[in-house]
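# Structure at a glance
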Amino acid sequence: MTTQIDQQVSRLFGRDSVYMLLWAAQLLCAAGFTPVITRLLGTGEMGVVASSIAIMQVLFVFAGSFLATAVQREYERAGGRVNAARILTVAMLIAALVALPAAATIGWWARPLGLAGEGVALRLAVAWAAGSAVTAVSLALLRSQDRLLRFALVSLTQSVLAEAASLAIIAGDRRTGADFLYGRVLAQGAALLLAVLLTRPRAVRLRDLPMVRDAMGFALPLVPAVLGTFVLSTADRLIVQGLMGNDAVARYQVAYNIASAPMLLLAMLYSMWMPRFFAVSGQAERAAVIAAGRDVLYRLMVPLIGGLTIGAPIILRLWAPPSYRMDELAWTVLIVVVTAVPFSSQLAASQALTTQGRTVGIAVATLVAALANVLLNLVLVPRYGLTGSAVATLASYGLLAAFLGHRARLPAAPWLSPVRLGGATFVAVLATAAPTTGWAFWIRALLVVLSVAWFLFILAGLREAPRPPTRRWSRRSSSSEIPRARRAAPRHSAAAAEAGRTARHTLP
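Now for a look at the structure at hand. In this text the structure is predicted, and so the values were computed from the model without any measurement.

## Focus: the nonpolar core
- Judged by nonpolar contacts, the single largest core of 134 residues is most densely connected at Ile37, Leu67, Met326 and Leu410.
- The element best represented in this core is helix α14 (residues 283–319), accounting for 15 residues.
- Not counting the four nearest positions on each side in its chain, Ile37 is found in contact with Met46, Glu163, Leu167, Ile170 and Phe180.
- Of all hydrophobic cores here, the second largest spans 10 residues; its members include Leu22, Leu142, Val154 and Ala195.

## Topic: a positive patch on the surface
- A grouping of Arg81, Arg150, Arg200 and Arg202 is seen on the molecular surface, where their side chains present a positively charged patch.
- The topology assignment puts Arg150 in helix α8 (residues 148–170).
- On the basis of relative accessible area, Arg150 is assigned to the partly exposed category, the value being 35%.

## Quick word on the environment of Thr135
- Its location among the elements puts Thr135 in helix α7 (residues 119–145).
- Judged by relative accessible area, Thr135 falls into the buried class, the value being 0%.
- Residues Thr135 and Ala195, spaced 60 residues apart in sequence, show a C-alpha to C-alpha distance of 6.2 Å.
- Other than its neighbours up to four places away in sequence, Thr135 contacts Val154, Gln158, Gln188, Ala191, Leu192 and Ala195.

## Observations regarding the packing of helix α15 (residues 330–338) against helix α16 (residues 340–355)
- With their axes 5 Å apart at the nearest point, α15 and α16 run at an angle of 25° to one another. Taken as axis vectors, α15 and α16 run roughly parallel relative to one another. Residues Val336, Val337 and Val338 of α15 touch α16, and the partners they reach there are Ala340, Val341 and Pro342.
- Each residue belonging to the contact of α15 with α16 can be placed in one class, and the counts come to 6 nonpolar, no polar and no charged.

## Considering unusual backbone geometry
- Of note in this structure, Asp146 is not a glycine but carries a positive phi near 60°.
- Here Asp146 is to be found in the loop between α7 and α8.
- A positive phi angle is found at Arg200, which is not glycine, with a value near 55°.
- When you line up the elements, Arg200 lands in the loop between α9 (177–199) and α10 (209–219).
- Residue Arg200 is classed as exposed on the basis of its relative accessible area of 63%.

Definitions and cut-offs
- Residues numbered from 1 in each chain as written.
- Predicted model: local features only at pLDDT ≥ 70, side-chain atom pairs only at ≥ 80, totals over all residues.
- Heavy atoms only, no water.
- Core = buried A, V, L, I, M, F, W, Y, C linked by side-chain atoms within 4.5 Å.
- Buried < 20%, exposed > 50% of the residue type's maximum accessible area, 1.4 Å probe, protein only.
- Helix = DSSP H or I, 4+ residues; strand = E, 2+ residues; numbered from the N terminus.
- Contact = heavy atoms within 4.5 Å.
- Patch = residues over 30% accessible without salt bridge, like charges linked within 9 Å, V, L, I, M, F, W, Y side chains within 5 Å.
- Areas by Shrake-Rupley, 256 points an atom, 1.4 Å probe, with all protein chains shown as cover.
- Salt bridge = Lys/Arg side-chain N within 4 Å of Asp/Glu carboxyl O.
- Lys, Arg positive; Asp, Glu negative; His and termini not counted.
- Charge placed at Lys NZ, Arg CZ, Asp CG, Glu CD.
- Axes fitted to C-alpha atoms, helices over the stretch in contact; angles between N-to-C directions.
- Parallel < 35°, antiparallel > 145°, perpendicular 65-115°, else oblique.
- Nonpolar A, V, L, I, M, F, W, Y, C, P; charged D, E, K, R; others polar.

Function cannot be read off these values alone, since they describe shape.
In structure tokens:
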């Protein structure tokens, strides 16, 4: 059993990691553009962009993105290759039904958020949310099909091309938050067109309604769960916007973008792993694979936390001009970076519950944590400013990890994991308190390089899968890996009779 789990974990960090590298490339691209953007946009206009992004992310949840997991679940079933494309059509319809009323009622909800004069930016945010939601479902389908080149084309268009388009627009005389968003929406439209052409959504017929109802029944509880997740990650900016103004939210957005990079990578990695989790047969084996992947991520987070906090003062100076006063946000960055630990734990538990179909429990826990985050922000931000908002984020994710972990009951992590993570956090605190100029600058730079080397060393070892002990085991285990052609009958008993007639289709 141990060898089988090791093989599964190796595959998680094999071809699957290529998809993660695509997301990492997007983050690096966005990071590379950030120093230029912060110098072209003033803090006030950057604050408009940050608030618009937060609104876009909330609308994104309602606009059909929750069907991405349903697509990957359906793809593993008999006839799922076609039915998944029909679910994509449903997602397109939902996106339109959400975007049109949201755009028509901007005058009602913009004023309470302090954005009454930003109608153009908000309309662009609504359009961006609708396009992103449909593209997310398309990318989920391409991931299940293991269409790496097509996946890369769509994802890079909506990220790298979008950053370049926005930068090109604000490089001219028009340097407003709305102009920045124009570039994002134009690139998102191009990505949406590509996604539709590459995935070819199928028409939904009357006889498909039971399948659609089943998919919606699985996915709808994820709406409050995903909404709660976005509230956890974006409510702080909206509260800072309301209590402290555009300048403060711009500073917090830049710091948060840097510090939350590990959480973004973790979220994208677990998203890329979902088709593989659905493909693992047996609840016990699936839980073991998810727990093993979580434990490996704990190991990877040790150099990641240490390296990012050691290098944070250097990055902050490069990322924004002196007017952003980034030197004052070192402790804020530290707290958000450390949040990656409970964030990873709750992700693993959430994925385990999702594969079991227990999505209602995820929704309840996430909404409770989101409410706690809002209340903590309202209490801490007036007293402690941006650092108080970061503390609220850490506490809320800790609460969510504890609740979901209790529900999922995954195998416990090795005792060394908390020791390693505690040591990494201690180093991070020391690094934040240490000087940043003179000789300390060069020591920091060296330690960052060593942290990157350590991270890559761990990652390289994970790609070396153990050899199967016998030839017979190799043939038998071929159904548990994720090959291009299905070698085994579907694992769902209701579809077993149809297995012989089901066409072989691509798997992740």
